[in-house]
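For reference, the chains in residue letters:
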Amino acid sequence: MNQWETEWKREQERVNTVVDQVKKKMNVLEAHLGGKKEDVVEIRKNFWEDVTVNFDDAHEAAETAASIKQQAELLSELERSHKNAEDQRKSLVKLSDSPYFGRIDFKENKDAKADRIYLGVASFYDEKADEFLVYDWRAPISSLYYDHSLGRAEYEAPEGIVSGEMQLKRQYIIRNAEIKSMFDTGVTIGDELLQEVLSRQANPQMKSIVATIQKEQNQIIRNTKGTLLIVQGAAGCGKTSAALQRVAYLLYRYRETLTANQIVLFSPNNVFNSYVSNVLPELGEENMLQTTFQQYVYHHLGDSYDLEDPLEQMEAVLTGDGQPSHKVRLDSIRFKASLDFMNLIEGYISHLHKEDMLFKSVVFRGRVLITADQIKEKFYSYPSAVSIPDRMKLVSEWLVSEVRKLEKTERKEPWVEEKIQLLDKEVYVRLYQKLRKKKQYTEDSFNDFEREQRLLSAYVVSKAFKPLKKRIKALTFINLKAMYMRLFTGEGLSWEREDSYLLPDSWKEISRLTARTLGNGELLYEDATPYLYLKERLEGFQTNTAVRHVFIDEAQDYSPFQFAFIQRLFPRSKMTVLGDLNQSIYVHSTGDAFQMLYDHYGKDHTERIVLMRSYRSTRPIVEFTREMLHEKDSIIPFNRDGEKPVLKQFEKKGDHARALADTIRNLQDRQVKTIAVICKTAKECEEAYESLKDQVDIELMKKDSSSFKQGALIIPSYLAKGIEFDAVLVFDASNSQYSKESERRLFYTVCTRAMHELYLFSYGEVSAFITEVPEDTFIREN
Ligand SMILES: Nc1ncnc2c1ncn2[C@@H]1O[C@H](COP(=O)(O)OP(=O)(O)OP(=O)(O)O)[C@@H](O)[C@H]1O
């Protein structure tokens with residue numbers, strides 16, 4: 001046995017010992033868990049038997065309430081501790097399969113001998129020996145593994161910097177408690193392991209990368225300095241991965257004070273949400289809150305409008321024909337995303353502060369109770385030093401009190417009597433009991449009848465007024481639609497000198513388009529954020545102060561307006577924004593979106609990290625795709641071999657479809673797991689599906705799809721954002737699809753979804769973005 005084999009054997013023995021210990025602990029825990037579960041079931045079953053229920057008088061009722069509370073607390077405490085034990089059991093199950101993935105031998109300066117530190121997804125402590133057999137990858141000492149090569153090294157411990165020498169860095173792949181591979185590494189975390197991990201097939205669910213986090217990614221994960229962390233990096237450089245491991249790190253580091261529901265991740269769409277949803281549970285952590293900006297907007301706008309969704313907007317942009325109306329739409333999207341438009345709205349709000357606020361009359365049963373003018377007069381009667389939202393609250397209180405007064409006079413209206421006649425028996429009985437309780441029944445039956453009538457009319461009127469009061473409290477008397485509309489009616493800004501603002505040349509056309517759609521009860525997606533902004537500025541921002549960390553992935557797709565909005569929404573939160581300007585595919589994305597954030601937070605509160613190495617795709621694919629960009633040097637491929645991208649050009653539709661089907665079949669025969677035919681638009685996807693569905697087994701992804709499975713699928717470009725596939729087939733890489741400068745980034749985004757194989761099918765003349773790429777970076781086939 002050579003030295004390495006001996007070493008391997010020794011390491012395997014250690015794995016066996018650790019796994020034995022883990023299993024022992026698991027057995028103890030399982031027995032304990034069983035007992036706890038029984039307790040919980042028992043308490044649930046006997047909940048009402050163990051509380052004394054007595055409502056005879058106020059004192060007894062209070063005792064009963066206290067008894068129920070005590071029982072509920074006991075139950076929730078037991079459930080909490082059951083959940084903790086269950087979480088611990090899950091992490092032990094993982095450790096029993098693969099207890100660790102790395103080892104470092106680190107000799108602190110003060111010590112004579114090096115300590116062996118083994119790193120895994122969770123820590124494992126041996127009580128008897130009083131030592132950690134496995135350290136959590138997020139422990140302070142574990143950062144040595146990610147940040148340093150052999151030689152002098154240091155890490156930041158709670159008590160200060162610890163310096164020493166790293167004498168060994170080793171990596172393992174352990175499955176079923178057996179070492180499958182083992183490498184000693186030097187400078188970075190071993191290329192061999194990374195090669196092995198990256199060459200695996202893609203998965204419909206993203207995987208954690210803890211065993212192979214690279215040094216520059218670790219800077220993102222463990223960054224706790226700034227309020228704003230900006231991560232800019234090429235396609236596939238691990239931005240999303242780093243973000244998710246960062247969430248896991250923060251949950252570990254601040255475990256006493258931070259919980260998963262204080263972290264929000266904004267992601268591009270629901271498919272992406274489902275794609276990343278497994279990473280944290282895999283690491284033994286609960287998922288953070290996940291949302292899309294669109295979901296947020298929907299939630300807050302309710303159904304007050306027929307709201308266009310962003311994918312419909314995208315489809316309208318991509319299928320546009322370049323006609324003047326299309327150009328106006330593009331201008332509208334761009335302008336409404338800008339800070340110039342935000343300034344315009346701010347100017348409008350200042351104006352509303354003084355005059356022109358629009359209200360809706362308070363109407364009851366078709367009758368105007370309080371006119372819009374009366375409300376307006378009341379609003380402006382409050383001192384202007386009081387903010388608009390505060391004045392709105394005062395108006396709302398005033399309205400409710402006015403309505404209460406009117407409620408009394410309303411009781412005599414004829415409709416009330418009619419309603420009373422129609423009341424059902426149950427209500428009568430209830431009212432009768434109410435009267436008895438109040439001891440209002442006397443022997444005098446005439447008097448009783450009168451009282452009954454009074455009570456019934458009060459009941460009927462109060463019931464009818466209830467929704468009205470509720471609406472008033474929800475500030476629905478503010479005529480938001482009309483006020484937003486007023487920004488666009490008239491030939492210019494009807495309320496202000498328009499030269500005070502920066503308006504686009506096509507402002508008049510944009511105004512006409514907007515007034516028309518609003519008039520039809522539709523809200524274009526580009527109007528959603530500004531509309532919501534105006535609403536919040538008038539009603540008061542519904543800020544969320546509980547959230548401590550906001551992550552925005554694919555941040556290049558957010559407009560400055562949206563960023564500003566999110567900032568206001570989460571005033572106490574730190575922000576991590578991750579994006580790649582080369583993948584900005586929306587018309588509203590501007591090159592300087594991050595700059596706006598940077599300006600807002602300032603240099604002292606911002607950290608900016610740039611990632612250059614791309615891990616997703618093979619070297620030949622990266623060498624091809626980066627050529628499409630102007631700043632090609634900013635992307636370094638990870639050295640993983642593969643075939644060059646293949647270009648196939650066709651003149652006939654039938655040949656094009658047949659060749660696509662042949663390629664898909666070939667991939668399927670080779671057991672390639674995830675195959676995506678990517679089209680520019682949903683419309684093109686439908687065409688692709690029609691031409692392929694009878695030839696191969698393939699699924700069509702639509703905008704409301706929320707996840708994807710293994711196999712072959714057809715997907716529009718904008719839904720494929722952020723995700724990856726073993727093989728990508730670009731449905732039509734012709735110049736008719738991708739030629740404008742604005743389509744360059746879209747084409748780049750599409751091609752960079754490929755991990756191992758990339759095929760470009762062109763129906764007709766090939767896209768200029770391919771012809772300008774050096775011929776030796778791809779293969780022409782026909
Ligand atoms: N350190 C790493 N170890 C192993 N795999 C990694 C590492 N970093 C990135 N990867 C892999 O590279 C692929 C791309 O990562 P990820 O999706 O996080 O990149 P991204 O920068 O968000 O890409 P995009 O901008 O294209 O959406 C994933 O399969 C991920 O698992």
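These figures come from a predicted structure and were not determined experimentally. (Residues numbered from 1 in each chain as written. Predicted model: local features only at pLDDT ≥ 70, side-chain atom pairs only at ≥ 80, totals over all residues.)

## Things to note about the overall build of the protein chain
When you go through the protein chain residue by residue, the secondary structure sums to 27 helices and 26 strands. Summarising its shape, the C-alpha atoms of the protein chain cover approximately 110 × 75 × 55 Å along the three principal directions. Counting the 782 residues in the protein chain, one finds 36% classified as buried. For the protein chain, restricting intrachain contacts to residue pairs at least 6 apart in sequence, the fraction spanning at least 24 positions comes to 74%. (Helix = DSSP H or I, 4+ residues; strand = E, 2+ residues; numbered from the N terminus. Buried ≥ 20, exposed ≤ 12 C-beta atoms within 10 Å, placed from the backbone. Contact = placed C-beta atoms within 7 Å.)

## Observations concerning the site of the ligand
The immediate surroundings of the ligand are formed by 24 residues, with Thr-212, Gly-238, Lys-239, Thr-240 and Ser-241 found nearest. Counting residues per element, the ones that place at least two in the shell around the ligand are helix 4 (191–198) and helix 6 (239–253). Across the shell around the ligand, the residue classes tally to eight nonpolar, eleven polar and five charged. (Near = placed C-beta within 6 Å. Nonpolar A, V, L, I, M, F, W, Y, C, P; charged D, E, K, R; others polar.)

## A closer look at the nonpolar core
One finds Val-247, Ile-678, Val-728 and Val-730 to be the most contacted residues of the largest nonpolar core, which totals 156 residues. Residues within four places of Val-247 in sequence aside, it is in contact with Ile-263, Leu-280, Met-288 and Phe-551. Counting residues in each nonpolar core, the second largest holds twelve residues, with Phe-359, Met-392, Leu-399 and Ile-472 among its members. (Core = buried A, V, L, I, M, F, W, Y, C linked by C-beta atoms within 7 Å.)

## A short note on the sheet that holds strand 22 (residues 699–700)
In space, the seven strands of this open sheet follow the order 22-23-21-24-25-20-26, with parallel pairing throughout. Edge positions in the sheet fall to strand 22 and strand 26 (779–781), since each has one partner strand and no second. Inspection of the sheet shows strand 21 (residues 674–679) paired to strand 23 (residues 711–716) by six bridges, in the parallel sense. Looking at the pairing, Val-677 lines up with Ile-714 of strand 23. In the packing of helix 24 (residues 653–669) onto the sheet, contacts are made with strand 20 (646–650), strand 21, strand 23, strand 24 (725–730) and strand 25 (754–763), and the angle to strand 25 comes to roughly 165°. Sitting on the sheet, helix 26 (residues 741–751) touches strand 21, strand 24 and strand 25, and the angle it makes with strand 24 is about 140°. (Pairing = 2+ DSSP bridges. Axes fitted to C-alpha atoms, helices over the stretch in contact; angles between N-to-C directions.)

## Looking at the sheet that holds strand 10 (residues 289–291)
Two strands in a sheet stick together by hydrogen bonds in their backbones, pointing the same way (parallel) or opposite ways (antiparallel). Strand order in the open sheet made by the six strands is 10-9-15-16-8-17, with parallel pairing throughout. Each end of this open sheet is capped by a strand with a single partner; those strands are strand 10 and strand 17 (606–611). Direction aside, neighbouring strands of the sheet carry axes that sit 15° apart on average. Running at roughly 160° to strand 16 (residues 574–579), helix 6 makes contact with strand 8 (228–233), strand 9 (263–266), strand 15 (549–552), strand 16 and strand 17 of the sheet.

## Considering helix 14 (residues 388–410)
The α-helix winds at 3.6 residues per turn, so residues separated by three or four positions along the chain end up facing the same way. Compared with the 33 Å implied by 1.5 Å per residue over 23 residues, the 32 Å span of helix 14 between its first and last C-alpha is a close match. By the burial criterion, the buried members of helix 14 are Ile-388, Arg-391, Met-392, Val-395, Ser-396, Leu-399 and Glu-410. (Expected span 1.5 Å × (residues − 1).)

## Concerning the pairing of strand 23
A large share of strand 23 lies buried, amounting to five of its six residues. Where strand 22 and strand 23 come together, two bridges link them in parallel fashion. By the bridge assignment for strand 23, Glu-699 is matched with Leu-713.

## A closer look at the pairing of strand 24
The buried fraction of strand 24 is high, at six of six residues. Note that strand 21 and strand 24 share four bridges and pair parallel. Residue pairing in the sheet places Ile-675 in a bridge with Ala-727 of strand 24. As paired elements, strand 24 and strand 25 share five bridges and run parallel to each other. By the bridge assignment for strand 25, Val-730 is matched with Leu-760.

## Describing the environment of Ala-515
Here Ala-515 is to be found in helix 19 (residues 507–519). We classify Ala-515 as partly exposed; it has 16 C-beta atoms within 10 Å. Counting along the chain gives 31 residues from Ala-515 to Tyr-484, while the straight-line C-alpha distance between them is 9.4 Å. For Ala-515, the residues in contact, after removing those within four places along its chain, are Met-485, Phe-488 and Thr-489.

## Here we look at the confidence of the model for the protein chain
In regions of low pLDDT, the predicted coordinates are not meant to be interpreted in detail. Considering every residue of the protein chain, the mean pLDDT works out to 87; 92% of them sit at 70 or more. Within the protein chain, helix 16 (residues 425–437) has the poorest average pLDDT of any element, 73, and strand 15 the best, 97. (pLDDT = per-residue confidence, 0-100.)

## Thoughts on unusual backbone geometry
Residues other than glycine seldom take positive phi values, yet Arg-365 does so here, at roughly 50°. Within the fold, Arg-365 resides in the loop between strand 12 (362–364) and strand 13 (367–370). Even without glycine at this site, Gln-671 takes up a positive phi of about 60°. Following the sequence through the fold, Gln-671 ends up in the loop between helix 24 and strand 21.

## Describing the environment of Val-279
Note that Val-279 resides in helix 8 (residues 279–282). Residues Val-279 and Leu-629, spaced 350 residues apart in sequence, show a C-alpha to C-alpha distance of 31 Å. If we ignore the near neighbours within four places in the chain, the residues touching Val-279 are Met-206, Ser-208 and Leu-244.

## Regarding the packing of helix 11 (residues 324–336) against helix 20 (residues 525–539)
At a closest axis distance of 9 Å, the pairing of helix 11 and helix 20 adopts a crossing angle of 25°. For the element pair helix 11 / helix 20, the angle class is roughly parallel. Here helix 11 and helix 20 pass one another in a crossing that is left-handed. Counted together, Ser-332, Ile-333 and Lys-336 of helix 11 and Glu-526, Asp-527 and Pro-530 of helix 20 form the full contact between these two elements. Its residues assigned to classes, the contact of helix 11 with helix 20 comprises two nonpolar, one polar and three charged. (Parallel < 35°, antiparallel > 145°, perpendicular 65-115°, else oblique. Left-handed = near helix turned anticlockwise from the far one by under 90°.)

## A few points about the environment of Ala-211
Tracing the backbone shows Ala-211 in the loop between helix 4 and helix 5 (215–221). The sequence separation of Ala-211 and Val-197 amounts to 14 residues, and the corresponding C-alpha distance is 9.6 Å. For Ala-211, the residues in contact, after removing those within four places along its chain, are Phe-101, Gly-102, Gln-171 and Leu-193.

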